[in-house]
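# Commentary on secondary and tertiary structure
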Number of protein chains: 2
Amino acid sequence: MSLRHAVLIALQNEEATGYEIAKWFDQGMGYFWSSTHQQIYQELRKMVVSELLTFREVSQSGKPAKKIYTITESGINELKSWLEKPVKQYVVKDALLMKIYSGHLLAPEKLLQEILTQQNHARELHTKYDEIEKKWFSEKENLSLQQQYIFLTLRNGIIQADAWLKWSHEVVEFLEGKIEQTSNPPKH
Amino acid sequence: MSLRHAVLIALQNEEATGYEIAKWFDQGMGYFWSSTHQQIYQELRKMVVSELLTFREVSQSGKPAKKIYTITESGINELKSWLEKPVKQYVVKDALLMKIYSGHLLAPEKLLQEILTQQNHARELHTKYDEIEKKWFSEKENLSLQQQYIFLTLRNGIIQADAWLKWSHEVVEFLEGKIEQTSNPPKH
DNA sequence: GGCGTCATGTAAAAGGTTACATGATTCC
DNA sequence: GGAATCATGTAACCTTTTACATGACGCC
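Before going into details, it helps to say that this report is about the structure given with it. (Residues numbered from 1 in each chain as written. Chains lettered and ligands numbered in written order. Predicted model: local features only at pLDDT ≥ 70, side-chain atom pairs only at ≥ 80, totals over all residues. Heavy atoms only, no water.)

### A word on the protein's contact with DNA strand C
The condition that has to hold: For this description, a residue counts as near a given molecule or strand if any of its non-hydrogen atoms is within 4 Å of it. In protein, a polar contact means a hydrogen-donor-capable atom and an acceptor-capable atom, both N or O and within 3.5 Å, with residues adjacent in sequence counting only if both atoms are side-chain atoms; elsewhere, any N or O pair within 3.5 Å suffices. The helix count covers DSSP runs of H or I at least four residues long, the strand count covers runs of E at least two residues long, and both are numbered beginning at the N terminus. In this classification, the charged set is Asp, Glu, Lys and Arg, the nonpolar set is Ala, Val, Leu, Ile, Met, Phe, Trp, Tyr, Cys and Pro, and all remaining amino acids, among them Gly, are polar.
In the neighbourhood of DNA strand C, 22 residues make up the surrounding shell, with A:Y19, A:R45, A:Q60, A:K67 and B:M1 lying closest. The sugar-phosphate backbone supplies 66% of the atoms of DNA strand C found within 4 Å of the protein. A:H37 has a polar side-chain atom sitting 3.4 Å from a base oxygen of DNA strand C. Between DNA strand C and A:Y41, the relevant distance is 3.0 Å, taken from a phosphate oxygen to a side-chain nitrogen or oxygen of the residue. Of all elements in the fold, only helix 2 (18-26), helix 3 (37-49) and strand 3 (66-71) of chain A together with helix 3 (37-49) of chain B reach the threshold of two or more residues within the surface near DNA strand C. When grouped by side-chain class, the residues that make up the surface near DNA strand C number six nonpolar, nine polar and seven charged.

### Considering the sheet that holds strand 3 (residues 66-71) of chain B
All names here are of chain B. The condition that has to hold: Any two strands with at least two DSSP-identified bridges between them are counted as paired. The contact criterion used throughout is that any non-hydrogen atoms of two residues lie within 4.5 Å. Note on geometry: axes are C-alpha line fits, over the in-contact stretch for helices, and angles between N-to-C directions span 0 to 180 degrees.
One open sheet holds the three strands; their spatial order is 1-3-2, and the pairing between them is antiparallel. On the outer flanks of this sheet lie strand 1 (16-17) and strand 2 (53-58), each paired with one strand and no other. Note that strand 1 and strand 3 share two bridges and pair antiparallel. Counted as the bridge partner of T17 is I68 from strand 3. Together, strand 2 and strand 3 form the strand contacts of helix 3, whose direction differs from that of strand 2 by roughly 115 degrees.

### Some details on the side chain of B:H5
Inclusion rule: A 1.4 Å probe rolled over the protein chains alone gives each residue an accessible area, and that area as a share of the maximum for its type sets the label: buried under 20%, exposed over 50%, partly exposed in between.
On the secondary structure map, B:H5 appears in helix 1 (residues 2-11). Its relative accessible area of 6% is what places B:H5 among the buried residues.

### Some remarks on the protein's contact with DNA strand D
Lining the immediate surroundings of DNA strand D are 22 residues, of which A:Q39, B:Y19, B:Y41, B:Q60 and B:K67 lie closest. Taking the atoms of DNA strand D that fall within 4 Å of the protein, sugar and phosphate contribute 64% of them. Residue B:R45 places a side-chain N or O atom 3.0 Å away from a phosphate oxygen belonging to DNA strand D. For the surface near DNA strand D, the secondary-structure elements that each account for two or more residues are helix 3 of chain A together with helix 2 (18-26), helix 3 and strand 3 of chain B. Ranked by the residues each element gives to the surface near DNA strand D, the list is headed by helix 3 of chain B, at five residues. Each residue belonging to the surface near DNA strand D can be placed in one class, and the counts come to six nonpolar, 10 polar and six charged.

These figures capture arrangement, not role.
The structure is reproduced here in structure tokens:
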């Protein structure tokens, strides 16, 4: 039930609307947890019932009224006790690896094309990470404690992206070799 | 709906029982897709209804009867058409990163402890990968096409594990610095 | 006129987890 | 005597995704 805890983290130092939390999931937190606005609105309502949050409604002219959620004492306690407990073991679910596992059933050209597309995504992501680092983390001495921890998560993104790119180069090389073999079959 | 396709991959070159497929998920395929026997039995039944599989029951002495599932023509076609379509973008869901993101709310000792535990898991996994490589992939010349592709997935595991360990060392160093600072606060 | 942003939601379906259940056999 | 292996399943619950829905405002 980590969505609940992601929301508590979001609200931990400032109140926000469901809409803002959803946006946060598409940006910062989105690099390691994801959700949709539908799920978030549901969860926020449940969390009010469980008294982890309170909210006040603010009417606006020309826009629908918004609900601003604030974490309660009990919410902070719930977050802290979650932080103390070990997380459950990370499980990979990677359909691309499944595909490669059965790559012999597919034309290498097709697989190559897909890997190259993914490689472009990975490169874009890497560039984005670099920009974030430059913009927010260039002066390492002036970072707040909170920012120092966030920087560690950015480092994770960068290192993982590097590793993925390294691996994908091996895959591309392999597939290009296969494709060449098919067009110039080895002579006996 | 990738469980379905994982099952098709499992049955693609040999028939198997639900029990065997479940075991396969705990071993080979388990490195990038996971499931439980409950879910697999359900899915197998649905796939028979969809005519992707057929099965025959084999009674055994002293053991419950087993159902041996075989992929159909239509199942092979379904698998092939899935392989042709790009997979949907991989999304990370990593609760540990969430925790680090809000690491400032937790004693660094606690976080350190958890990272060290995870590091041990990662090292064990790495060792297991190395063993698999030695046992099955040491003679690169004699690998079947299928094995060559499986080797690529193993390389992914190794590279990702290396990257994760590299990152975790940065985190450990950071946390140890924090812990030292607390016991010997800097003088002004 | 259309698209993007702000701001909320309902409802159904699909996918995944957890608890419970059975029962023989083999190995320590 | 107890644990692990073989082999299957039901049921409840929780989580996630997808489809549908509304409506004003500002920008190009």
